Amino acid sequence: MTTTTPPSPSSSPSPSPSPSSRGRRRAPTRIERAAGRAAALQRPRVLLALLLLLALTCVMLLDGYLRAEVGGDQRVRTGASASDVPDDVLDGGPILTFRGGQATTVSVPDKTIALTFDDGPDPTWTPQVLEILEKYDVPGTFFLVGSMVSRYPDIVEDMVEQGNEVGVHTFTHIDLSYQSDARVTREIEQTQLALAGAAGITTTLFRAPYSSQTDAIDNYSWPVYEKLGEDGYTSVFIDTDSDDWKRPGVSKIVDWATPEDDEGASVLFHDAGGERSQTIEALPKYIEKMKAKGYTFTTVSGVVAEQQTGQQAGQQPSGGPAAQASGTGGGSLQAAHHRATGTTLYEGKALIAAVAVAEWTVPTLSVGLVVVGVAVMGRFGMMLILARRHYRKRNRRRFGWGPPVTGPVSVIVPAYNEKECIANTLQSLARSTHPIEIVVVDDGSTDGTAEIAESLGLPNVRVVRQANAGKPAALNNGVRHARYDIVVMMDGDTVFEPDTVRHLVQPFADPGVGAVAGNAKVGNRRTLIGAWQHIEYVMGFNLDRRMYDLLRCMPTIPGAIGAFRRDAVLEVGGMSEDTLAEDTDITIALHRAGWRVVYQEHARAWTEAPGSLKQLWSQRYRWSYGTMQALWKHRGSLTDRGPSGRFGRVGMPLVVLFQVVTPVFAPLIDVFTVYSMVFIDFRAALLAWLAVLGVQLLCAAYAFRLDREKYRYLLMMPLQQLAYRQMMYLVLIHSCVTALTGGRLRWQKLKRTGEVGTPAGNG
């Protein structure tokens, strides 16, 4: 055993401290300072990633609430007793007020129509209604649903400016008789905020959803009207219903909306809530018919103003409300409106802005969901087809890379504080059936790793010591000390099978092969976290590598097991410290240099996967962020020619699509699934989720079959989809936030247990 201790390339030997410097605090090194800065930046970035997810959730909940999918209540009360309702209300006019705390009804004067519309605004039908009213110089009273107001504020603004009156029709169009006082208050206040944000006004008019004439008031709805009356609201009912929502035909709509015996009426039409083409066709005919019969049109406030004027004069005006109602303007026609000011106005504007964001975001996310779904299914399809082709091609009896590779190779083991694992690693290499030399590069360990390696007394083992400089520097140092043309790189916690090196180096019989990726296995798979990672390694990593191998665009040689031509490594400048994913970085560099990178499934290595969620997060965060760094570093390959351009235009898009874009947006599938289960259709959403899980299980089962793994671990896959995958999403989003904010990280060391000893087989 030879021990080499070269000086650190980045610094000269430190002189002995002078007496004057004794007792002073040692200045932090460059790496320590970088680590401190990175640690200080990580918490804000994690919070930012979580805030992004929270914002997405809030946007979806808001959109669902607007569409009555969140908090919606489809119950409608019928047939209830009205014993508590005063008779003069049940038999009174369609306008109910509570001036002075006394319930009073107001009737529409003869030869007068209060034209009312429910359920709007609608972007298709309401503008057409407004156009007709303006053409005939007729005002209308629109009872608006707050969620629709917040989605189409411009229509409401035009409606008010045109001289029409608006009233509250709740925010989500629910039967208030079933709701608590708090819910009733919220429905009204939210609609008022929507009106304030859309048109700068509030209103004192109210019409309950599913209401009709006053004789339909029952013991459950009466307290609601009393409460709103105490708050200053005027509740509006109808005398005549066009029943246009039934779409009975234009002539019937006109007939049903016509009062009998020249009586006045509060007439109901609908400008939203369904297909309203018959309403649009019937409305001009109705207005013309009623004007021909001598009727005038007014708003609800116009009716109330005329009634008050009549009471003051002691008689009913002979001309009806025509003096105030003709035309589309006049303060009395919009007397229920009040200018929104202060907090109400600003909260209303904020609501409209938030809804605008939701209206833009959710459809965009829906499109993204379709794209992600197609990409995910496309990836599964590609993996299954290409993995099968790869397996059949490489396992044919006559397949061979060329003459057997029998010459000795160098195995480089970078080690930093690996006292728990280094003995198992070196002892597994000592059993290799292929001739090797072992170069252990101790990267400034402080736990005696180098001493343990030396104490084993194994043949052909050299220990090279260096000051702590990181894994890329350790690998480069090992390459410099390697004696042979082929170098195998592995992690200090990894265990090889006896035939691993022999299988791994055989592809080098092809002179065009510059590097070989081995088959990394999770050794500590008996824990839940280990089993989840085992599924991921077999299904994701190895199926992916088979696919990328056939497409000749392998993006990553795993750090746990990979082999390289020494000349190829030196040609591309060795292991770069520019990224955290030095394995991905050098793999792409080899592609760009014209070397072929292949996957050798029979070369198995057993590695110790992170044993805690914290360590797993740290590792995958480094992997994800490092991959993004490597892709950005080699973005020039997109416009290159030759082998570099081939990787840039084939491999780079696939890696970006399958390893960055799709995983980043894949949470949409889960978010929409949960959303649908809770608020829309639980059974349909569950069946859809189970169908996707079934496809994933099919791919995983095939991957396990190819790797001759036991299927029992697949029983944990549903739970993996519910918990483990969500964590991986957060890690990737965290990495994207770090990349977008320009952060840099140092190489991180995971805590090891050394439980991965000699290969445990496939159990």
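Structural data are supplied above this passage.
Residues numbered from 1 in each chain as written. Predicted model: local features only at pLDDT ≥ 70, side-chain atom pairs only at ≥ 80, totals over all residues. Heavy atoms only, no water.

## Some thoughts on the overall build of the protein
Stage number 1. Helix and strand counts for the protein come out as 24 helices and 21 strands.
Stage number 2. Long-range pairs, those at least 24 residues apart, make up 82% of the contacts in the protein with a sequence separation of at least 6. (Helix = DSSP H or I, 4+ residues; strand = E, 2+ residues; numbered from the N terminus. Contact = heavy atoms within 4.5 Å.)

## Re the pattern of salt bridges
Oppositely charged side chains can pair when the atoms bearing their charge come close.
Stage number 1. Counting across every chain of the model gives 26 salt bridges.
Stage number 2. Its salt-bridge partner being D544, residue R379 comes within 2.5 Å of it at the nearest N-O pair. Remark: D544 occurs in helix α17 (residues 528-551) and R379 occurs in helix α12 (residues 342-394); sequence separation between them is 165 residues. Comparing R379 with D544, the two get one shared label, buried.
Stage number 3. Here D549 ties to R394 by a salt bridge, and the two come within 2.9 Å at their closest N and O atoms. You can see D549 sitting in helix α17 and its partner R394 sitting in helix α12, a full 155 residues away along the chain.
Stage number 4. By relative accessible area, which is 11% here, R394 ends up buried.
Stage number 5. Salt bridges here are not isolated pairs; linked through shared partners, they connect K521, R525, R546, E601, D707 and E709. (Salt bridge = Lys/Arg side-chain N within 4 Å of Asp/Glu carboxyl O. Buried < 20%, exposed > 50% of the residue type's maximum accessible area, 1.4 Å probe, protein only.)

## Things to note about a nonpolar patch on the surface
Stage number 1. On the surface, V656, L657, V661 and F665 cluster together into a nonpolar patch covering about 270 Å² of accessible area.
Stage number 2. Overall, the relative accessible area of 30% leaves V656 in the partly exposed class. (Patch = residues over 30% accessible without salt bridge, like charges linked within 9 Å, V, L, I, M, F, W, Y side chains within 5 Å. Areas by Shrake-Rupley, 256 points an atom, 1.4 Å probe, with all protein chains shown as cover.)

## Some points on helix α23 (residues 682-706)
Stage number 1. If you check α23, its first and last C-alpha atoms are 36 Å apart, about what 25 residues at 1.5 Å a residue would give, namely 36 Å.
Stage number 2. Listed in full, the buried residues belonging to α23 are A685, W689, L693, Q696, C699, A700, Y702, A703, F704 and L706.
Stage number 3. Count one or two residues on from α23 and you reach R708, which has phi positive near 55 degrees. (Expected span 1.5 Å × (residues − 1).)

## Quick notes on the nonpolar core
Stage number 1. By size, the foremost hydrophobic cluster in this structure holds 64 residues, and its most contacted members are I113, L115, L133, F206, W222 and Y286.
Stage number 2. Looking at this core, the element that brings in the most residues is helix α9 (residues 277-292), giving six residues.
Stage number 3. Once you skip the residues sitting within four places of it in the chain, I113 turns out to touch P259, A265, V267, Y286, M290, Y295, T296, F297 and T298.
Stage number 4. Listed in part, the 56 residues of the second largest apolar core include V439, V441, L631 and L706. (Core = buried A, V, L, I, M, F, W, Y, C linked by side-chain atoms within 4.5 Å.)

## Side note on the packing of aromatic side chains
Stage number 1. What the rule picks out here adds up to seven aromatic pairs.
Stage number 2. The interplanar angle of 35 degrees and the centroid separation of 6.0 Å between the aromatic rings of F117 and F269 together place this pair among those described as tilted. Placement of F117 in strand β4 (residues 112-120) and of F269 in strand β11 (residues 265-270) is noted, with a sequence separation of 152 residues between them. Across the pair, exposure class does not vary: F117 and F269 are buried alike.
Stage number 3. Among the aromatic residues, those joined into a cluster by ring pairs are F117, F142, F269 and Y286.
Stage number 4. Here the guanidinium or amino end of R77 rests over the ring plane of Y178, the centre of that ring lying 3.9 Å away.
Stage number 5. In this arrangement the basic side chain of R635 is found over the ring face of W632, its NZ or CZ atom lying 4.1 Å from the centre. (Phe/Tyr/Trp six-rings, centres within 6.5 Å; stacked < 30°, edge-to-face > 60°. Lys NZ or Arg CZ within 6 Å of the ring centre and 35° of its normal.)

## A look at unusual backbone geometry
A negative phi holds for most residues other than glycine; trans holds for most peptide bonds.
Stage number 1. Cis geometry marks the peptide bond from G120 to P121, where omega comes out at 0 degrees.
Stage number 2. Position of P121 among the secondary structure elements: in the loop between β4 and α3 (126-135).
Stage number 3. Although it is not a glycine, D261 adopts a positive phi angle of roughly 55 degrees.

## A closer look at the packing of helix α5 (residues 153-161) against helix α6 (residues 181-199)
Stage number 1. Their axes nearest at 8 Å, the elements α5 and α6 cross at an angle of 75 degrees. The angle between α5 and α6 places the two elements in the roughly perpendicular class. Counting all contacts with α5, which are made through P153, V156, E157 and V160, the residues of α6 involved are L195, A198 and A199.
Stage number 2. Residue classes in the contact of α5 with α6 are distributed as six nonpolar, no polar and one charged. (Axes fitted to C-alpha atoms, helices over the stretch in contact; angles between N-to-C directions. Parallel < 35°, antiparallel > 145°, perpendicular 65-115°, else oblique. Nonpolar A, V, L, I, M, F, W, Y, C, P; charged D, E, K, R; others polar.)

## Re the environment of E165
Stage number 1. Relative to the helices and strands, E165 resides in strand β6 (residues 165-168).
Stage number 2. The sequence separation of E165 and T299 amounts to 134 residues, and the corresponding C-alpha distance is 6.6 Å.
Stage number 3. Of note is the side chain of E165, whose polar atom sits 3.4 Å from the backbone nitrogen of V300. (Polar contact = N/O pair within 3.5 Å; in protein donor to acceptor, adjacent residues only side chain to side chain.)

## Some words on a positive patch on the surface
Stage number 1. Side chains of R389, K393, R396, R552 and R646 sit close together on the surface and give a patch of like positive charge.
Stage number 2. Of note, R389 is situated in helix α12.
Stage number 3. Residue class for R389 comes out exposed when judged on its relative accessible area of 54%. (Lys, Arg positive; Asp, Glu negative; His and termini not counted. Charge placed at Lys NZ, Arg CZ, Asp CG, Glu CD.)

## Let's talk about the side chain of D119
Stage number 1. Relative to the elements of secondary structure, D119 occurs in strand β4.
Stage number 2. R276 is the oppositely charged side chain nearest to the buried, salt-bridge-free D119, at an N-O distance of 5.1 Å.
Stage number 3. Among the polar contacts listed, one links the side chain of D119 to the side chain of H169, at a separation of 3.1 Å.
Stage number 4. When sequence neighbours within four positions are dropped, the list of residues in contact with D119 reads F143, V145, M148, H169, H173, H270, D271, A272 and G273.

## Comments concerning the environment of L386
Stage number 1. With respect to the element layout, L386 can be found in helix α12.
Stage number 2. On the basis of relative accessibility, which here comes to 11%, the residue L386 falls in the buried class.
Stage number 3. Between the alpha carbons of L386 and L551 there is a distance of 8.8 Å; along the sequence they are 165 residues apart.
Stage number 4. Excluding residues within four positions of it along the chain, L386 makes contact with M547, L550 and L551.

## Digging into the packing of α6 against α12
Stage number 1. Look at α6 against α12: their axes get within 7 Å of each other, and the N-to-C directions meet at 85 degrees. One element, α6, and the other, α12, form an angle in the roughly perpendicular class. Residue-level inspection shows Q190, L193, A194, A196, G197 and A198 of α6 in contact with α12, the latter providing T344, L345, E347, G348, K349, L351 and I352.
Stage number 2. In the contact of α6 with α12, the residues fall into seven nonpolar, four polar and two charged.

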